[in-house]
Amino acid sequence: EDAVRYRLFAAAGPGGEALLRRCAEAVLVRFAPLLAAYVWQRQPFRLRCVPRRGETPAHIGGTTLFGDNVEDEWFIVYLVQEITREFPGLAARIDDNDGEFLLIEAADFLPKWLNPENSENRVFFYKGELHIIPLSEIPEQGCDLSAPCPTISQALALLSTRSEEFLAAESIRAAVNKRIDGYPEKIQASLHRARCFLPAGIAAVLRQRPSLVAAAVQAFYLRDPGDLRACRRPFRTFPAEQRVMALVTFTRCLYAQLVQQKFVPDRRSGYTLPSPSHPQYRAYELGMKLAHGFEILCSKSSKVAPDAKRNVLSGPLWERFLRSLKEKDYFKGEMEGSAKYLELLHMAEDHFQQSVAMLENSVEVSPGDEILTLLQTTSIDLKEFEREAACLPPEDDDSWLDITPDALDQMLKEARNESLPSTNEEEQKYDLETVAESMKAFVSKVSSHEGAEMPWSSDESHVTFDVDSFTKALDRILGADSEELDSDDLDEEEEFDFSDGDDEDLDAGNQRQDQKVSPEELVGSLKSYMNEMDRELAQTNVGKSFTTQKRGASSVEAATSERAGPDSGAEDAELAPVDVDMNLVANLLESYSAQAGLAGPTSNILQSMGVYLPENTDHTGSS
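Residues numbered from 1 in each chain as written. Predicted model: local features only at pLDDT ≥ 70, side-chain atom pairs only at ≥ 80, totals over all residues. Heavy atoms only, no water.

- Identification of the protein as ECD protein from Eulacestoma nigropectus is taken from an unreviewed UniProt entry.

Next comes the structure, spelled out in C-alpha cells:
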C-alpha cells in the first residue's frame, strides 16, 4: 500500500550493466543537493543494483513507501525524469500500487486502445520525455507490438532505435508535467517550520538527524494502545523536566497530522499543557506530541550498541559526495564550521547514511536504535539551547490549514482546467436551453460497463437518426417466425393457458407476418401502438405528472376531431405533446435543489460539461 516502484534500465544492449553501476553512484552524487534537503514521509529515494531475473533485465531501482504524502511520489517522478535527462542511456519505468499512475493522471487524453490490460511495459521515461510503445499490426525488429504487452527487453530495443516515433502526445506529457511542475523550488514551499517546546535530547537528535521527525510523527499518528503503555509512566528516555524551545522543520503533511489530532497526555507522564489561551500553547502541544512519538520509537528499540552501525561517513564515495555538494553550492557560501554550515552538513550526512548505509548493511537499523545511538554520542548543552531559544527566527504561518468551501471549489476547478464562472450576478446568464442540450448530449454519448463518455465540446453535432437502420432492426424483431420462440415463450403460453381460439389467432398472425411488410407500415404500426399507450397513460397519475406543450390545434385537427365525435376532442386535448425540455430542466433543478449545496449527480454531470447552475435562493417558498 502507498508504495512507488522505480526501475532504470540500460537502453543500449552490450555493456549495459557497467553503465548501470556507474550511473548508480553518479545519480547519488549528482542529485545530492536536492535529496539532502528533502524530508521523506516514510522512506527515502534509494537506488540499488538488481541483477537480471527472468525476462526482466538487470537494472537499478527501488521501492519507496510514501504513506499519506503523495507529494513524495511525484517528487520521485520528477527525479526519475531528470535522471533520464542527465543520463540519456537510461530508460525508466515507474508505477505504484494503483498500476500505471502516470496514465491515470493523463486519463482524459489517452488513445482509445490503451487500457489497464495492455499498458504494462509500454510507458517509459527516456531522455527526459514520456514515451508510450503503441500497438502495431506488423512485427518489427523481432518485437510483435500487436501482442497485449511487450517484454521490457523488446520495449528497450525499440526505444534505443526509434524513440522519436513513440513520444507521448503533447496533451499526455502536459498532464504529467503539470503534476511535477515547480520542482525543485516546490521542495522549500512544502516545508513548515514551527516552534516546539520539547525535551533537550530530542532537539539534539533532530540537529543531527532532521529526518527523524517523520518517524516520530508517524509513531504518534499511528499509535495503538500497546504503544501508549510506554507513555503511561514517567518517560525514561525523554523526561519532561529538561525541555527547551526549538524550531523544528516539518513537511506540511507531517505538521498537519501532528496538529489535527486531539490528544490529552497521561498525568503520570509528567507532560502537562497550559491553558489554550496561553500564547505558547501550540508550541507546548506540538512538543508534547513529538515527545510521545520519540518515546514510542525508543520503547521499540532492540538496544543496539553504538558500534553496531558501521560509520559510512568515510571513504572515497563520501568524499566525492561532499565535493559534489560544494560544487553545486549546497552550503550557500556559509563559512566552514559555522552554525548554518554544520546544519546543512548534518542534513547531508543524514541523507548519505539513509541512501548508502541502508543499502550496504544487511540489517536495517530502526529509528529507535538510531535515536539511542545519537543520544549516547551527542553532548547536550542546556545553556546553549536556552541561548538559541532566546533568538529563534519566527515560525511559518499555518493559515494554509484552513480552506474555505469556495477555495476548495476553486482548487477542484483549477485541477480540471475549467474556467471559473463569474461571481457577478449581473454577468451570470443561466441559459436553461444549454442545460437541456448538455444533458441530451451526455445521453447520446457512448456508454458501457467501463463508464460513459463526456461530451467535452458543445460544438459537436447532434445525434442523428438513421431511419433505414431502425426499420431493419424492427423488421428483424417484429418479423420473427414462430419457430424462433424459445423455451421462455412456451412457458408463458402454458402459464396463461391460451385457448384454441387464441392459437388460431396466433396462427393467423404468423401467416400475416410471413407476408412482406414495408418499413413504412412497420413504423406506422409502431406509432399506433405508442398512441394507444399514450391514451391509456394520459388518464393516470403518470401521464398527469408531465408538463405538456401549450399550443392551439390546427383547423385540420379540429375538423378531424369533430368528425371523430365529442369524446375524441377531450382525448386529443389530454394528448398534447409532452414538453421534453421543460420536464428535463424541471427534474434537474429539483434534483439540484435536493443536493442542498452538496455534491450530487446533477451538479457532477453538468459541471463536467462546463455548465454551472446558480444557487437556490428561493427560501420563501413562492413560485
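Picking up after the structure, the text goes on.
As for the confidence of the model for the protein
Logical step 1: Residues with a pLDDT of 70 or more make up 74% of the protein, whose mean pLDDT is 78.
Logical step 2: Looking across the protein, the model is least confident in helix H23 (residues 555–564), with a mean pLDDT of 40, and most confident in strand S5 (residues 123–126), with 96.
Logical step 3: Below pLDDT 50 for its whole length, residues 137–146 participates in 18 contacts with residues either more than four positions away or in separate chains.
Logical step 4: A low-confidence stretch, residues 305–310 stays under pLDDT 50, and its non-local contacts, those more than four residues away or across chains, total eight contacts. (pLDDT = per-residue confidence, 0-100. Helix = DSSP H or I, 4+ residues; strand = E, 2+ residues; numbered from the N terminus. Contact = heavy atoms within 4.5 Å.)

Concerning the sheet that holds strand S6 (residues 129–132)
Each strand in a sheet pairs with its neighbour through backbone hydrogen bonds, running either in the same direction (parallel) or in the opposite one (antiparallel).
Logical step 1: One open sheet accounts for six strands, arranged S2-S3-S1-S4-S5-S6; its pairing is antiparallel. Each having just a single partner strand, strand S2 (48–50) and S6 make up the two edges of the open sheet. Averaged over neighbouring strand pairs, the angle between their axes works out to 35 degrees when direction is ignored.
Logical step 2: Of the strand pairs in this sheet, strand S4 (residues 90–96) and S5 are connected by two bridges, and their pairing is antiparallel. In the sheet register, Ala91 faces S5, and the bridge partner there is Tyr126.
Logical step 3: Each of strand S1 (3–10), strand S3 (59–65), S4, S5 and S6 touches helix H3 (residues 70–86); the most contacted strand, S4, lies at about 170 degrees to it.
Logical step 4: Sitting on the sheet, helix H5 (residues 152–162) touches S1, S4, S5 and S6, and the angle it makes with S5 is about 40 degrees. (Pairing = 2+ DSSP bridges. Axes fitted to C-alpha atoms, helices over the stretch in contact; angles between N-to-C directions.)

As for the packing of helix H25 (residues 580–594) against helix H26 (residues 601–608)
Logical step 1: At a minimum axis separation of 8 Å, H25 and H26 run at an interaxial angle of 115 degrees. When H25 is examined against H26, the residues Leu588, Ser591 and Tyr592 are found in contact with a partner set consisting of Pro601, Thr602 and Ser603.
Logical step 2: Grouping the amino acids of the contact of H25 with H26 by side-chain chemistry returns three nonpolar, three polar and no charged. (Nonpolar A, V, L, I, M, F, W, Y, C, P; charged D, E, K, R; others polar.)

Some thoughts on the packing of helix H9 (residues 212–221) against helix H10 (residues 252–260)
Logical step 1: Where H9 contacts H10, the axes come no closer than 10 Å and their chain directions differ by 35 degrees. Our pair here, H9 against H10, has a crossing hand that is left-handed. Across the interface between the two elements, Ala214, Val217, Gln218, Phe220 and Tyr221 of H9 pack against Leu254, Gln257 and Leu258 of H10.
Logical step 2: Split into classes, the residues belonging to the contact of H9 with H10 amount to six nonpolar, two polar and no charged. (Left-handed = near helix turned anticlockwise from the far one by under 90°.)

Some words on the nonpolar core
Logical step 1: Of all hydrophobic cores here, the largest spans 46 residues; its most connected members are Phe45, Phe75, Ile94, Leu102 and Phe125.
Logical step 2: Take this core: its biggest share by element is eight residues, from H3.
Logical step 3: When residues no more than four places from it in sequence are discounted, the contact partners of Ile94 are Val4, Arg5, Tyr6, Ile76, Val77, Val80, Glu100, Phe101, Leu102 and Phe125.
Logical step 4: Membership of the second largest hydrophobic core comes to 45 residues, among which are Val213, Ala219, Phe250 and Met288. (Core = buried A, V, L, I, M, F, W, Y, C linked by side-chain atoms within 4.5 Å. Buried < 20%, exposed > 50% of the residue type's maximum accessible area, 1.4 Å probe, protein only.)

Looking at unusual backbone geometry
Logical step 1: With omega at 5 degrees, the peptide bond leading from Tyr183 into Pro184 counts as cis.
Logical step 2: Looking at the secondary structure, you find Pro184 in the loop between helix H6 (170–180) and helix H7 (186–189).
Logical step 3: Notably, Asp2 is not glycine yet its phi reads approximately 50 degrees, a positive angle.
Logical step 4: Note that Asp2 resides in the segment before S1.
Logical step 5: Even without being a glycine, Asn121 presents a positive backbone phi close to 60 degrees.
Logical step 6: Its place among the elements puts Asn121 in the loop between helix H4 (101–105) and S5.

Remarks on the packing of aromatic side chains
Logical step 1: Taken as a whole and judged by the stated rule, the model has 16 aromatic pairs.
Logical step 2: Ring geometry for Tyr38 and Trp40: centres 4.4 Å apart, planes at 55 degrees, overall tilted.
Logical step 3: A relative accessible area of 6% places Trp40 in the buried class.
Logical step 4: Judged by centre distance (4.3 Å) and plane angle (20 degrees), the rings of Phe331 and Tyr341 are stacked. Taken as a pair, Phe331 in the loop between helix H12 (316–327) and helix H13 (339–360) and Tyr341 in helix H13 lie far apart in primary sequence, ten residues in all. Note on accessibility: Phe331 and Tyr341 belong to one class, buried.
Logical step 5: Ring pairs connect the aromatic residues Tyr38, Trp40, Phe75, Tyr78 and Tyr183, which therefore count as one cluster.
Logical step 6: Directly above the aromatic system of Phe31 lies the positively charged group of Arg30, at a separation of 4.9 Å from the ring centroid. (Phe/Tyr/Trp six-rings, centres within 6.5 Å; stacked < 30°, edge-to-face > 60°. Lys NZ or Arg CZ within 6 Å of the ring centre and 35° of its normal.)

Some remarks on H10
Logical step 1: Of all nine residues that make up H10, seven are buried, and the element is covered over most of its length.
Logical step 2: All buried positions along H10 are accounted for by Cys253, Leu254, Tyr255, Ala256, Gln257, Leu258 and Val259.
Logical step 3: Summarising the contacts, the buried residues of H10 are in contact with strand S7 (191–199), H9, strand S8 (243–251) and helix H11 (281–299).

Side note on the side chain of Arg93
Logical step 1: In this fold, Arg93 is placed in strand S4.
Logical step 2: By relative accessible area, which is 3% here, Arg93 ends up buried.
Logical step 3: At 3.2 Å, the side chain of Arg93 and the backbone oxygen of Val123 are in polar contact. (Polar contact = N/O pair within 3.5 Å; in protein donor to acceptor, adjacent residues only side chain to side chain.)

Looking at the pairing of S7
Logical step 1: Burial of S7 is extensive: seven of the nine residues sit out of reach of the surface.
Logical step 2: Two elements, S7 and S8, share nine bridges in a ladder whose sense is antiparallel. Paired with Phe197 across the bridge in S8 is Met245.

Observations regarding the environment of Gln208
Logical step 1: Topologically, Gln208 is positioned in helix H8 (residues 200–208).
Logical step 2: Owing to a relative accessible area of 23%, Gln208 belongs among the partly exposed residues under this scheme.
Logical step 3: As a C-alpha pair, Gln208 and Glu349 span 141 residues in sequence and 8.5 Å in three-dimensional space.
Logical step 4: With near-sequence residues (within four places) excluded, Gln208 lies in contact with His346, Asp350, Leu374 and Thr378.

Concerning the side chain of Thr378
Logical step 1: Within the secondary structure layout, Thr378 lies in the loop between helix H14 (367–377) and helix H15 (382–390).
Logical step 2: Setting aside residues up to four positions removed in sequence, Thr378 forms contacts with Ala204 and Gln208.

Describing the pattern of salt bridges
Pairing between side chains of opposite charge can happen when their charged atoms approach one another.
Logical step 1: Scanning the entire structure with this criterion turns up 19 salt bridges.
Logical step 2: With a shortest N-O distance of 1.9 Å, Glu370 and Arg209 are connected by a salt bridge. Highlighted residues: Glu370 in helix H14 and Arg209 in the loop between H8 and H9, separated in sequence by 161 residues.
Logical step 3: Taking relative accessible area as the criterion, Glu370 reaches 6% and is therefore assigned buried. (Salt bridge = Lys/Arg side-chain N within 4 Å of Asp/Glu carboxyl O.)

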